[in-house]
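# Inside the fold
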Amino acid sequence: MVAPRPASAPNPWPERPAASERKEHEQRRDRPWLMRTYAGHSTAEASNELYRRNLAKGQTGLSVAFDLPTQTGYDPDHVLARGEVGRVGVPVAHLGDMRRLFQDIPLERMNTSMTINATAMWLLALYQVVAEEQGLDAEAIAGLQGTTQNDIVKEYLSRGTHVFPPGPSLRLTTDMITYTVQRMPKWNPINICSYHLQEAGATPVQEIAYAMSTAIAVLDAVFASGQVPEERRGEVVARISFFVNAGVRFIEEMCKMRAFGRIWDTVTRDRYGIQDPKHRRFRYGVQVNSLGLTEAQPENNVQRIVLEMLAVTLSKDARARAVQLPAWNEALGLPRPWDQQWSLRIQQVLAHESDLLEYEDIFAGSTVIEEKVAGLVEAATAEIAHIEELGGAMAAVESGYLKAELVASHAARRARIESGEEKIVGVNVYETTEPNPLTANLDAAIMTVDPANEARVVAAVHDWRLARDEPRAQAALSGRRAAAAGSENLMGATLECARAGVTTGEWSWALRDVFGEFRAPTGVSSAPVAVAAEPGSELAEVRRRVEATARELGDGRLRLLVGKPGLDGHSNGAEQIAVRARDAGFEVVYQGIRLTPEQIVSAAVAEDVHCVGLSILSGSHAALVPDVLQRLRKAGADDVPVVVGGIIPAADAKELRAAGVAAVFTPKDFGITGIIGRIVDEIRIANKLEV
C-alpha cells in the first residue's frame, strides 16, 4: 500500500494538461497528405481487388499503374505487347476493362491519380464514361477529383512511353486541359513530372528547370489556343500540379521544393499575370526515389524511403499534397500486397503517431536553408532562361539538348558511385552482411504475374471486338481521324470512341494515321566522357583489351549492339552502358527503345556485331530474350554472345543462362566499367580466344 503524499510536499511529477487543452492542441493538427500506393497488375479484376483492399487499410487515394501496352497505345494482341501485358500495371484495352477496374469504388468519393501520358486523354474519357455509368450527372462529373499525369516531355527524356511528335502531343495536352477546366474543374489535367527526370540523372537544378520549362510550354500553348477566356486564366494555372522525386539527400530535396514554389509563384505572376495567390500556389505530389533503392542489402531501402519522405513532409511551407512510397523490394521485382502495406504504414505512423502536423514551418528563419534555396532558385532560373533561348522545352527536346544533358548528368553520378566518391551503403561501402531473412526465399520475396494471364487478356479483347456495335465503333474512329486532321477540341471525339467500344490500340492508331509517330533522341552520341581512361585505370585496361580483341579477330573495332526489345522505355541503364562502351573503344549500335526481337536481330546481322546486349526492366525478359536467341540461331548468328541486364529474379536469370544467355546483369552490378570488361570476356570466350 502506498502512503498518501502530504499536502505540503512538492509534486515530483508534472501536471498533465487538462483535457480541454489537449483537445485544443490536437485540433491544431494539419490534415495529413493524401496517402497512395502506386498499384495495378495482371487484370482489371485483380487490380480492383487490390485497390479495395488498400482502401480498407487506410489508403486515402488511388494511384493507378497501367501496363506498357496501355501507356503506349497498343492493344494486348499487338506484336510489341508480347510479354508486357499486365506486367508493370493493369491492362485497360477498352471501356469494359475500365468498368471492372473501378467496380464497387464510388468515383465521386475518390481521388484518383492515373500515371498515363501519351494516352492520357483516352484514359480520362474512359474514366468519365464509367463515372456516368455509375449514375453521376453533369454536376457530379464536374466534382470528380484526381490527376492525369499527361506530361509528355519527360516521356521523351526519360521514361519512353511517348507515341506522337511534340507538336501533336502538345495539342492533346492543351485540349484536355481546356476541357477539364470547363467540364471537370476539380480535376488536375496535368502533373508536370520531374520524378523521372531525377531517375534519368537530373540534378536538383535540372529537375526544377526542366519541369518549369515544360509548364511554361504547356501554359503558353493553352493560352495561345484561344480556348480559355482571359478572365479564366487563373483557373487554368490553379489546376496545374507537379509530381516530383525526393532523394535521400533530404535537406537538399526539401530546399528544392521551396525553390520550386518560389519560381512557380514568380513565373505565374510575372509571365501570365495571375494575381490571386491561391491560383499561384505550387501544388505537388511525390513518389520518393526508386533510383536509389538497392538490390544489395535491400532492407536498407526502408530507411532510405523514410528519409526521402521526410524531405517532402517536414517543411509545412513546402509539404506535398499527396505522397506515394515505393516498396523495400522494388529493386528485386514486383512488390507484394504486404510490401505495399508496409510502405503505407510508414506514412501512417509519421502522420498519426508523430507530432509533425502540429507545428508551423520548422525551417522558417534558417539561414542555412535560405542560402541553399536562393542558390537553387538562381541556378534554375538561369537554366530556364537558357532553354527559352533554345526555343523552349519542345525545341530543346527535338534538338536533343535536354536528353544529352540528362545522359551526361547520369553518367557523372554513376562515375561518382564507381569511384566511391558517392557512398551507397551495402553497394560500395559496408558490403558485408548477415543472411537476410527477408530474402531467404527470393521466389517468395516478390510477386510474380502468371504468364498465362496474357493469353486470357488477349482472348478477352478479341471477344470485346466481336460483341460491340462494329458500325458505331468504325464511325467513331472515322470521326476521330477527321477531328485530328482539323482544329476542334479532340476530347469530344475521344468520348464517343469510349462509348462506342473502341479499343486503346484503335484510338491510338487513328491518331498515328494523322500525327505520325516520334522516336526521341537517345542522347548517347553527344554525351561527354564521364570517366577518363587514365593510365593504370580500370577503363584504360578494358580499353586495351577491347583494342587487342579487335586485332585478334581481324576487325578494326569491336561492335556492340545495345537493344531495348518490347515496350520498356526505361532506357537509363542502356544509355549508360552504351556511353561507357563507346568510351572503352567499342563501336556502339543503339537505336533507342521499342524494338521487336526481329528488328534487333536484323540490326545485329546487318552491323555484324560481336555482342548483343539486351536491357529489359519491365519483367518481359522471359518472353523476349528467348525470342531474340532463337532468331539469332535462324539467322546463322548463334555464335554472337547475348548478355542481358535488368530487374531479373535469380530463378529467371538461371533459366536465361540455360537458354543460352552468356551473362545476366542486375542492379547489384553497379560497376559499369566492370560490366564492359565482362562483355569483352564473353566475346573472347565465344570466339575461342584466351580470357
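For every chain, the first residue of the written sequence is number 1, and numbering continues from 1 along that sequence. Under the rules for a predicted model, residues below a pLDDT of 70 receive no local features and side-chain atom pairs below 80 are neither given nor counted, while totals for whole chains, interfaces and linings still include all residues. Side-chain measures here rest on the full set of heavy atoms in the structure, leaving out hydrogens and waters.

## Concerning the pairing of strand β14 (residues 642-645)
- Classification of residues uses two cut-offs on accessible area relative to the type maximum, computed with a 1.4 Å probe and protein chains only: under 20% is buried, over 50% is exposed, and between them is partly exposed. Starting at the N terminus, helices and strands are each numbered in turn, a helix being any DSSP run of H or I of at least four residues and a strand any DSSP run of E of at least two. Taking every second residue as pointing to the same face, both faces of β14 are buried, with Val642 and Val644 on one and Val643 and Gly645 on the other.
- Any two strands with at least two DSSP bridges between them are considered paired. Bridging between strand β13 (residues 611-615) and β14 involves four bridges; their strand directions are parallel. By the bridge assignment, Val612 is partnered in β14 with Val642.
- Convention used here: a crossover is right-handed provided that the path from the first strand, over the helix, to the second strand proceeds clockwise when the strands point away from the viewer. A crossover connection joins β13 to the parallel β14 through helix α25 (residues 621-634); in handedness this β-α-β unit is right-handed.
- The sheet contact formed by β14 and strand β15 (residues 663-665) spans three bridges and is parallel. Bridging across to β15, Val644 finds its partner in Val664.
- Viewed along the sheet, the connection from β14 through helix α26 (residues 650-659) into β15 turns out right-handed.

## Overview of the side chain of Asn117
- Topologically, Asn117 is positioned in the loop between β4 (111-115) and α5 (120-133).
- A distance of 3.1 Å separates polar atoms of two side chains, one belonging to Asn117 and the other to Gln149.
- Polar contacts, as used here, are pairs of N or O atoms within 3.5 Å; protein pairs need one atom able to donate a hydrogen and one able to accept it. Residues neighboring in sequence count only if both atoms are side-chain atoms. A distance of 2.9 Å separates the side chain of Asn117 from the side chain of Glu155, its partner in a polar contact.

## What about the packing of aromatic side chains?
- Side-chain rings of Phe, Tyr and Trp (the six-membered ring for Trp) are treated as a pair once their centres are within 6.5 Å; stacked means planes under 30 degrees apart, edge-to-face means over 60, and tilted covers the remaining angles. Throughout the structure, instances matching the rule amount to 15 aromatic pairs.
- Considering the side-chain rings of Tyr195 and Phe243, the 5.9 Å spacing of their centres and the 45° angle between planes classify their relative orientation as tilted. Of this pair, Tyr195 sits in helix α9 (residues 195-199) while Phe243 is found in strand β8 (residues 240-246), placing the two residues 48 residues apart along the sequence. Of the two residues, Tyr195 and Phe243, neither departs from the other in class, the shared state being buried.
- Judged by centre distance (4.7 Å) and plane angle (35°), the ring pair of Phe242 and Phe282 falls under tilted. Of this pair, Phe242 sits in strand β8 while Phe282 is found in the loop between α12 (250-270) and β9 (284-288), placing the two residues 40 residues apart along the sequence. Summarising the burial analysis for this pair, Phe242 and Phe282 share the class buried.
- By way of ring pairs, the aromatic residues Phe242, Phe260, Trp264, Phe282 and Tyr284 are connected into one cluster.

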